[in-house]
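Results of the structural survey
Residues per chain, in single letters:
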Amino acid sequence: MSQDCIFCKILRGDIPASLLYEDSDVIAFKDISPEAPTHILVIPRKHISGPAALTEEDKDLMGKLVKVGVDLAKEFGLSDGYRLVMNDGKRAGQTVFHLHMHLLGGRTMTWPPG
Ligand code: AMP
Ligand code: ZN
């Protein structure tokens, strides 16, 4: 846990979030500023600053994170297509430095992303 990390604060219950899923390793909640009709963040309970900070020991955790995203996509009826996104670093648009995967769906996506 990191004292001033906003997602660690959500994990501690210090700030509210619309929780959609939780287990011993990951939680998922609604993005506060949605970029699509469905915009969910899936995060590990462990504070990891981003994809580049992952280690060998996080491999199972990451598999689980992706599976939770896929299951939520099903639950939210996104069978016609959705996007799972992780940003690493400021230049890629990362603004919260606690690893998170975006699940975006409910509209047509463009490629490449901006
Ligand atoms: P990124 O730009 O990839 O780092 O994504 C960070 C995401 O976190 C953005 O889409 C924000 O809208 C979202 N976000 C920031 N603060 C909160 C919060 N308190 N609750 C839910 N989502 C948040
Ligand atoms: Zn954190």
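Above this text is the structure in question.
Residues numbered from 1 in each chain as written. Chains lettered and ligands numbered in written order. Predicted model: local features only at pLDDT ≥ 70, side-chain atom pairs only at ≥ 80, totals over all residues. Heavy atoms only, no water.

So, on to unusual backbone geometry. The omega torsion of the bond from Trp111 to Pro112 falls at 0°, within 30 degrees of zero and hence cis. Inspection of the secondary structure assignment puts Pro112 in the segment after strand S5 (101-105). (Helix = DSSP H or I, 4+ residues; strand = E, 2+ residues; numbered from the N terminus.)

Take the side chain of His98 next. Along the chain, His98 falls in the loop between strand S4 (82-85) and S5. We classify His98 as buried; its relative accessible area is 0%. Here His47 takes part through its side chain, which lies 3.2 Å from a polar atom of the side chain of His98. Among all residues touching His98, those that are not within four sequence positions of it are Cys5, Phe7, Cys8, Leu11, Ile43, Pro44, Arg45, Lys46, His47, Ile48 and Ser49. (Buried < 20%, exposed > 50% of the residue type's maximum accessible area, 1.4 Å probe, protein only. Polar contact = N/O pair within 3.5 Å; in protein donor to acceptor, adjacent residues only side chain to side chain. Contact = heavy atoms within 4.5 Å.)

Turning our eyes to something else, we now look at a nonpolar patch on the surface. Together, Val66, Tyr82 and Leu84 give the surface a local cluster of nonpolar side chains, amounting to about 210 Å² of exposed area. The topology assignment puts Val66 in helix H2 (residues 59-75). (Patch = residues over 30% accessible without salt bridge, like charges linked within 9 Å, V, L, I, M, F, W, Y side chains within 5 Å. Areas by Shrake-Rupley, 256 points an atom, 1.4 Å probe, with all protein chains shown as cover. Salt bridge = Lys/Arg side-chain N within 4 Å of Asp/Glu carboxyl O.)

If you check the shell around ligand 1, you find 16 residues, and the closest are Asp31, Asn87, Gly93, Thr95 and His102. The backbone of Gly93 places a nitrogen or oxygen atom 2.7 Å from an oxygen atom of ligand 1. Protein contacts shield 85% of the accessible area of ligand 1, which totals 500 Å² for the unbound molecule. Listing elements by their share of the shell around ligand 1, those giving two or more residues are helix H1 (6-12) and strand S2 (26-30). Here the shell around ligand 1 gets 3 residues from one element, more than from any other, and that element is H1. Taken together, the residues that form the shell around ligand 1 break down as 7 nonpolar, 7 polar and 2 charged. (Near = heavy atom within 4 Å. Nonpolar A, V, L, I, M, F, W, Y, C, P; charged D, E, K, R; others polar.)

Over its 17 residues, H2 runs 25 Å from end to end, which matches the ideal 24 Å to within 8%, given 1.5 Å per residue. All of the buried residues in H2 are Leu61, Met62, Leu65, Val68, Gly69, Leu72 and Ala73. Viewed end-on, H2 has its buried residues packed into an arc of 140°, placing them on one side of the element. For H2, exposure combined with an orientation more than 90 degrees from the buried face picks out Lys59, Asp60, Lys74 and Glu75. Those residues of H2 that are buried lie in contact with strand S1 (19-22), S2, strand S3 (38-44), S4 and S5. Trailing H2 by a residue or two, Gly77 shows a phi angle of about 70°, which is positive. (Expected span 1.5 Å × (residues − 1). Arc of directions from axis to C-beta.)

Turning to the coordination of the zinc ion (ligand 2), a few remarks are in order. Octahedral metal centres with six donors ideally show angles of 90 or 180 degrees, and tetrahedral centres with four donors ideally show 109.5 degrees. For the zinc ion (ligand 2), every protein donor is listed as Cys5 (SG), Cys8 (SG), His47 (ND1) and His98 (ND1), and the spread of their distances is 2.0 to 2.3 Å. Of note is the zinc ion (ligand 2), whose 4 donor atoms meet at the metal with angles of 104 to 116° in an arrangement that counts as tetrahedral. (Donors = N, O, S within 2.8 Å, 3.2 Å for Na, K, Ca; no water. Tetrahedral: all angles 85-135°; square planar, octahedral: opposite > 155°, others 65-115°.)

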